Amino acid sequence: MLIKKTPDIASSEITSESVYLNRRQFMGSTLAAGGVMAVGAAGFAQADDRLKALNYIKAKKGPEGFYTDEELTPYDDVASYNNFYEFGTGKTDPARNAHTLTTDPWSIVIEGEVENPGTYQLEDILSKVDLEERIYRLRCVEAWSMVVPWIGFSLADLIKQMQPTSKAKYIAFETLYRPREMKGQRSRTSTIDWPYVEGLRMDEAMHPLTLMSVGLYGKVLPNQNGAPIRLVVPWKYGFKSIKSIVKIKFLEKEPPTTWNLLQASEYGFYANVNPDVDHPRWSQKSERRLPSGIFSPNRILTEPFNGYGEQVASLYTGMDLRKFY
């Protein structure tokens, strides 16, 4: 399946946040997120003023990999240059169309090999965790990248609450399916079998770097970035970081995943960032770091595991990473 490319989006300066609210205000703030309508950088800056700030622990530099001192990608680029095919295949389509998404109320179904299955309100999930900032590199399989200050909590914290059984070897995630609000799901030309699904091996899901994000740049997630809750797995290509999650299933066997089902020769289950394994249609040795343009391509070399090898390479000891790509 050919992934559509679109022109680069202009960026603007970002003002840092100084006011932070308690995480229990999160659900009320998602309603404001649902009302975001933007068609350009100026529109984003104006509309996103309505997104509520979050109370969180600031990221600190350390061996865990929770922080990088690389230059942050400007907010306007993060919020306007997206892959979220539920709202269209163009990079600006999600920001243009995602205002239709209703994010309050929101619940997540937990099922499969767990002791505590059920339907959990997002507000209840958030009441049991402390939000923290993680400044991660994000590398798309299309060879562009960002540096994003996410706000969220370790997926491991949620997994422990659910108490998986000894049979749980994998976790599958599912995105919201609501065609009346998600324009891309109504498209007659889409080859995706909705809803979008992704998965991780249990040890990957339990790794401290694996984040459930509910915000970025100090505020709740804009709809186009996966509101109200998404996965972030920084050492894998971006399509693994599934958005707008409504179901998590604990499984004994490896789950099917959307891009792997569409084209297994191009999109493997693991999708670890690997500059030595090219995509069949382009090189993965370098990436275009946003913001960039025709006259300032801002190309940098891609690092194995997106620079998180020290933290995660041991998960794949003995595996042929060309075969298990």
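K.L.:
Teacher, can you tell me more about the sheet that holds strand 5 (residues 170-175) here?
P.N.:
Sheet strands associate in pairs through backbone hydrogen bonding, adopting either a parallel or an antiparallel arrangement. Across the sheet, five strands lie side by side as 2-1-10-5-6; this open sheet has mixed pairing. One side of each edge strand has no neighbouring strand; the edge strands of this open sheet are strand 2 (118-121) and strand 6 (197-201). Taking each pair of neighbouring strands and ignoring which way they run, the sheet shows an average axis angle of 20°. For strand 5 and strand 6, the ladder comprises five bridges, and the chain directions are antiparallel. Within the sheet, the bridge partner assigned to Ile 171 lies in strand 6 and is Leu 200. Lying over the sheet, helix 6 (residues 155-162) contacts strand 1 (107-112), strand 2, strand 5, strand 6 and strand 10 (245-251), oriented at roughly 65° with respect to strand 10.

K.L.:
Help me understand unusual backbone geometry in this model?
P.N.:
Most peptide bonds take the trans configuration, and most residues that are not glycine carry a negative phi. With an omega of 0°, the peptide bond between Trp 194 and Pro 195 qualifies as cis. If you trace the backbone, Pro 195 turns up in the loop between strand 5 and strand 6. Omega for the bond connecting Ala 227 with Pro 228 falls within 30 degrees of zero, at -5°, which places this linkage in the cis form. Looking at the element boundaries, Pro 228 is found in the loop between strand 8 (219-220) and strand 9 (230-232). Not every positive phi belongs to a glycine, and Asn 298 is a case in point at roughly 50°. On the secondary structure map, Asn 298 appears in the loop between strand 11 (286-289) and strand 12 (299-301). You can call Asn 298 partly exposed: its relative accessible area is 36%. Even without glycine at this site, Phe 305 takes up a positive phi of about 55°. Mapped onto the fold, Phe 305 is located in the loop between strand 12 and helix 9 (309-312).

K.L.:
Quick question: what am I supposed to make of the environment of Ala 156 here?
P.N.:
Relative to the helices and strands, Ala 156 is located in helix 6. Counting along the chain gives 51 residues from Ala 156 to His 207, while the straight-line C-alpha distance between them is 6.9 Å. Those residues in contact with Ala 156, other than ones at most four positions away along the chain, are Ala 205 and Met 206.

K.L.:
When you look at the pairing of strand 4 (residues 144-154) in this model, what are you seeing that I'm missing?
P.N.:
For a regular strand, side-chain orientation follows a simple rule: the groups alternate between the two sheet faces. Counting buried positions along strand 4 gives eleven out of eleven residues, so the element sits mostly inside the fold. With eight bridges joining them, strand 3 (residues 132-139) and strand 4 adopt antiparallel strand pairing. Note that in strand 4 the partner of Arg 137 across the bridge is Val 147. Bridge count between strand 4 and strand 11: two bridges; the pairing is parallel. Paired with Ser 145 across the two strands is Arg 289, which belongs to strand 11.

K.L.:
In this structure, what is going on with the pattern of salt bridges? I would like to understand it.
P.N.:
Two side chains with opposite charge may pair up if their charged atoms get near one another. By the definition in use, this model includes 17 salt bridges. A salt bridge links Glu 133 to Lys 58; the shortest N-O distance between them is 3.7 Å. With a gap of 75 residues between them, Glu 133 in strand 3 and Lys 58 in the loop between helix 2 (41-47) and helix 3 (75-80) connect regions that are remote in the sequence. Between Glu 287 and Arg 289 there is a salt bridge, and its shortest N-O distance comes to 3.6 Å. Accessibility expressed as a relative area gives 2% for Glu 287, which makes it buried. Here Arg 289 falls in the buried class, since its relative accessible area comes to 9%. Sharing partners across several salt bridges, the network here consists of Glu 70, Arg 137, Arg 139, Glu 287 and Arg 289.

K.L.:
When you look at the packing of aromatic side chains in this model, what are you seeing that I'm missing?
P.N.:
The description of two aromatic rings rests on the distance between their centres and on the angle between their planes. The tally for this structure, following the rule as stated, stands at twelve aromatic pairs. With 5.0 Å between their ring centres and 85° between their planes, Phe 84 and Phe 87 make a pair best called edge-to-face. Look at Phe 84 and you get buried, because its relative accessible area is 3%. Taken together, the ring pairs in this structure connect Tyr 170, Phe 269, Tyr 270, Phe 305, Tyr 316 and Phe 324 into an aromatic cluster. Sitting over the face of the ring of Phe 66, Arg 134 holds its NZ or CZ atom 3.7 Å from the ring centroid. Between the NZ or CZ atom of Lys 240 and the centre of the ring of Phe 269, over which it lies, the distance is 4.3 Å.

Here is what the cut-offs are and how they apply
Residues numbered from 1 in each chain as written. Predicted model: local features only at pLDDT ≥ 70, side-chain atom pairs only at ≥ 80, totals over all residues. Heavy atoms only, no water. Pairing = 2+ DSSP bridges. Helix = DSSP H or I, 4+ residues; strand = E, 2+ residues; numbered from the N terminus. Axes fitted to C-alpha atoms, helices over the stretch in contact; angles between N-to-C directions. Contact = heavy atoms within 4.5 Å. Buried < 20%, exposed > 50% of the residue type's maximum accessible area, 1.4 Å probe, protein only. Salt bridge = Lys/Arg side-chain N within 4 Å of Asp/Glu carboxyl O. Phe/Tyr/Trp six-rings, centres within 6.5 Å; stacked < 30°, edge-to-face > 60°. Lys NZ or Arg CZ within 6 Å of the ring centre and 35° of its normal.

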